[in-house]
Every structure is written in structure tokens, then in C-alpha cells.
Amino acid sequence: MCSPEGEGIDRLADAIDDLADAATDALTPEEVAARIAGLWSIVEALDPEIARRRSRYDTPRSRDN
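Residues numbered from 1 in each chain as written. Predicted model: local features only at pLDDT ≥ 70, side-chain atom pairs only at ≥ 80, totals over all residues. Heavy atoms only, no water.

Caption draft 1: Spotlight on the overall build of the protein. Of the regular secondary structure elements, the protein holds 3 helices and 0 strands. Relative to its full complement of 65 residues, the protein shows a buried share of 15%. Summing over all exposed atoms, the protein offers an accessible surface of approximately 5300 Å²; the carbon and sulfur share of this is 53%. (Helix = DSSP H or I, 4+ residues; strand = E, 2+ residues; numbered from the N terminus. Buried < 20%, exposed > 50% of the residue type's maximum accessible area, 1.4 Å probe, protein only. Areas by Shrake-Rupley, 256 points an atom, 1.4 Å probe, with all protein chains shown as cover.)

Here you go:
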């Protein structure tokens, strides 16, 4: 896990800035989705608890819930 003040946060900030810059270039929905997935990967590397919680959203819920 990276320190919040280390390169992980810098990578996340750079990736967000890159996505914002690219937004003006008319990205396809697939490109936007891929970039957002990349952002989540960085966030999950910074905070494994977020990764654990996110995994609950990847599991289909039963109709009884």
C-alpha cells in the first residue's frame, strides 16, 4: 500500500487530470469506462478496504434482498 502522501496519490491525481484533459477530445464511452476503471484500480491500491467494499457491488444480488 502506498502512503497517502506518496506516489499513489500523485498517480491518481495525474490520471484524473489526464481524463479531464481527454474529455474535450470526445472519448468513446468505452474509452471513458476504461479510464475510470483505471482510476478505481489506483484507488483500490491505495485503500484495500475500498476494494473489499467494491467487491460487494460486483456480486449479483438475489431478488430477496
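Caption draft 2: Representation of a negative patch on the surface within the structure. A contiguous patch of negative charge on the surface is contributed by E7, D10, D14, D17, D18, D21 and D25. Along the chain, D25 falls in the loop between α1 (7–22) and α2 (29–46). Residue D25 is classed as exposed on the basis of its relative accessible area of 57%. (Patch = residues over 30% accessible without salt bridge, like charges linked within 9 Å, V, L, I, M, F, W, Y side chains within 5 Å. Salt bridge = Lys/Arg side-chain N within 4 Å of Asp/Glu carboxyl O. Lys, Arg positive; Asp, Glu negative; His and termini not counted. Charge placed at Lys NZ, Arg CZ, Asp CG, Glu CD.)

Caption draft 3: View of the pattern of salt bridges. One pass over the full model with this rule turns up 2 salt bridges. When the shortest N-O distance is used, the salt bridge between R52 and E49 registers 2.4 Å. Of this pair, R52 and E49 both sit in helix α3 (residues 48–58), separated by 3 residues, roughly a single helical turn. Since its relative accessible area comes to 45%, R52 is described here as partly exposed. By relative accessible area, which is 31% here, E49 ends up partly exposed. In this structure, a network of salt bridges that share partners links the residues E49, R52 and R53.

Caption draft 4: Seen up close, α2. With 18 residues, α2 should cover 26 Å at 1.5 Å per step; its first-to-last C-alpha distance of 26 Å lies within 8% of that length. All of the buried residues along α2 are L39, I42, V43, E44 and L46. (Expected span 1.5 Å × (residues − 1).)

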